[in-house]
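# Structural characterization, general
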Amino acid sequence: MKYSCDVIKDLLPLFHDDVCSDDTKKVVNEHLNECEACREYYKKMCSADVVELAAFDEKQEKKMAEAMEASWKGLVKKAIKVVLIILGAILAIPSTGLVIFLLVLFLVDGRVRTHTDIEDYEKYRSGPNAEEEYRTRWGMDEDIWPGKITDDMNVADYKLVYYNPWDAQYVGYLVVDYDLEAYEKELTRLESKEHDDYFGIYGVTGEKDYQILAMDADDYHGFIYAMTDGKGRIIYAEQVFCNYFMDLKYEKYIPEEYLLEGFDASATNPYHEKMKNKTFEPVGTSGVHGLSAYDKQKLIDENHVDLHSYFMVFPEDVKKVQEGSYTERLHTDLASTSGIVFLNATYSESDYEAEVERLSKISCTIKTQISKKEDEITQEIMYDDSMYNYPAYIAADGNCGTYEYALLDEENHMITYVLVKYPDDEILRRYKDYLKKDRKSYDDSGTNTWEYFSIYAHQFPGDDGLTVYDGE
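A short tour of the structure in this document, coming up. (Residues numbered from 1 in each chain as written. Predicted model: local features only at pLDDT ≥ 70, side-chain atom pairs only at ≥ 80, totals over all residues. Heavy atoms only, no water.)

## Some words on the nonpolar core
Spelled out, the test is: For our purposes a nonpolar core is just a set of buried Ala, Val, Leu, Ile, Met, Phe, Trp, Tyr and Cys residues, chained together by side-chain atoms within 4.5 Å. Note on classification: 1.4 Å probe, protein chains only; a residue is buried when its accessible area is under 20% of the maximum for its type, exposed when over 50%, partly exposed between these limits. Note on conventions: DSSP H or I runs of at least 4 residues are helices, E runs of at least 2 residues are strands, and numbering of each starts at the N terminus.
Ranked by internal contacts, the top residues of the largest apolar core, which has 36 residues, are Phe 314, Leu 359, Ile 415 and Tyr 417. Counting residues per element, the ones that place at least two in this core are α9 (296-307), β8 (323-332), β9 (337-346), α10 (349-360), β10 (363-370), β13 (392-399), β14 (402-409) and β15 (414-421). Formed by 31 residues, the second largest nonpolar core is a distinct cluster that contains Val 161, Ala 217, Leu 248 and Leu 260.

So, in structure tokens, the structure goes:
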């Protein structure tokens, strides 16, 4: 045989994922026709859930991974690939050069990992219990998908594909048939999730076969969504990537009916060309989704000045949250910060009662010194059962444009924590069920509202302005 078994085994992952040249395919096919041992090796590879690296022992693979993690980032890896392409083109012996070139290029490109075993579902979702490569989806709202597979879910189909040639890419779908009660419960859960406008992004024109229930659409990172046939079946799908196109041949891994109508994320898609030539305004915008991204201390450190809040109504962490979602969408320009921080949390009955007790006892002590006389006041959180659709504990009600509160849904042991400042039309539409009933309250956002209620601020007698809580 022309090539050794070790060389062929190194090429098999490329052959398996259809990312090698026709010449290489011919070499591999010829060898497989002649070598029974390699045929058996390839059969085992095809039956595995994940395509493993070939011809490298554990020590070598670990060393390689650590080196790549430490040294090969972003554009550096792109530069390496260009060098390899040039090197492969100038190697003196064409057939040997092709093999060496593909082997080295394979090490840079990484692997296509395909997961279909529903028993491992939680290992490949977001969160601290997931494997490292899967803990985030570029800030997309992974909570649209179920957090775990439960007994009332009849899983009809499942696949998740991960590929990281230079930047992580995810393609996946989960098809679940629910009984009537579980179906209605899941519809209710999804109603509280993202409902982004998605028309026009990556050529999408709509969805003709299913009803969209929840949608997180991003013009840079793609889509995560849930849709239904209206008969108890819900399809969860995602195509998450960056740089306006996918290196992965996504059509190979997800049925066409689960893709949005018109979706095109190929390297030559028109949206890619359009966005490459777009000029963006120099403003700061943060977009964070998913319970695993919740970090109260980071919120305080980065936003307490601009948002006039120390996020006292928000919990310290989400360890006791059984189910929920988290969204942080903040926009900063030269004048101010605006947007929303939204945490929806379902607790056990006892944890819900303990959290309500905590909320009821929130207070803030503010200290000042006027004419060399120290003074202080302790302000308590406000309770109201008429301003919102749910009873609420309120820490700020329009002071400097900021509203901070926790909404209580006792029946479902659910608490929704919200901080919103200068809400725009999109926030008013998307979160309408969790905002004040009187929308005119938000019309004062452009005026001086420092006299409005906030436990974080107080005007002491003889002081010309507000004294604000300093975090101590």
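Moving on from the coordinates now.
## As for helix α7 (residues 180-191)
Rule in force here: Expected span of a helix, by definition, is 1.5 Å for each gap between consecutive residues, and there is one gap fewer than residues. By definition, residues are in contact when any of their heavy atoms lie within 4.5 Å.
With 12 residues, α7 extends 17 Å from end C-alpha to end C-alpha; this agrees with the ideal 16 Å at 1.5 Å per step. Those residues of α7 hidden inside the fold are in contact with β3 (169-178), β4 (211-218), β5 (222-228), β6 (233-240) and β8.

## Some words on the sheet that holds β4
Using the following cut-off: When DSSP finds at least two bridges between two strands, those strands are taken to pair. Working convention: axes come from line fits to C-alpha atoms, limited for helices to the stretch in contact. Angles between N-to-C directions cover 0 to 180 degrees.
Strand order in the open sheet made by the six strands is β1-β2-β3-β6-β5-β4, with antiparallel pairing throughout. Looking at the sheet topology across the chains shown, the edges are occupied by β1 (112-115) and β4. Taken over all neighbouring pairs, the strand axes of this sheet differ in orientation by 5° on average, direction set aside. Summarising the sheet, β1 and strand β2 (residues 153-163) pair through four bridges and their orientation is antiparallel. Paired with Thr 114 across the strands is Val 161, a residue of β2. Where α7 meets the sheet, its contacts fall on β3, β4, β5 and β6, and the angle it forms with β6 comes to roughly 35°.

## Regarding unusual backbone geometry
A positive phi angle, near 50°, is found at Tyr 202, a position not held by glycine. Here Tyr 202 is to be found in the loop between α7 and β4. The buried category is assigned to Tyr 202, whose relative accessible area is 1%. Unusually for a residue other than glycine, Cys 400 sits at a positive phi of about 55°. Of note, Cys 400 is situated in the loop between β13 and β14.

## Quick look at the state of the cysteines
Stated formally: The rule for a disulfide is simple: a pair of cysteine sulfur atoms within 2.5 Å.
The full count for this structure, using the stated rule, is zero disulfides. Not part of a disulfide, Cys 38 finds its nearest cysteine sulfur in Cys 5, a span of 3.6 Å.

## Some words on the pattern of salt bridges
Side chains carrying opposite charge are able to pair once their charged atoms draw close together. Heads up, the condition is: Any Lys or Arg side-chain nitrogen found within 4 Å of a carboxyl oxygen on Asp or Glu counts as a salt bridge.
Taken as a whole, this structure holds 12 salt bridges when the rule is applied. A salt bridge links Arg 125 to Glu 238, with the nearest nitrogen and oxygen atoms 3.7 Å apart. Residue Arg 125 is found in the loop between β1 and β2, and its partner Glu 238 is found in strand β6; the two are separated by 113 residues along the sequence. Taking relative accessible area as the criterion, Glu 238 reaches 0% and is therefore assigned buried. Between Lys 296 and Glu 316 there is a salt bridge whose closest N-O contact spans 3.0 Å. Here Lys 296 is found in helix α9, whereas its partner Glu 316 is found in the loop between α9 and β8, with 20 residues between them in sequence.

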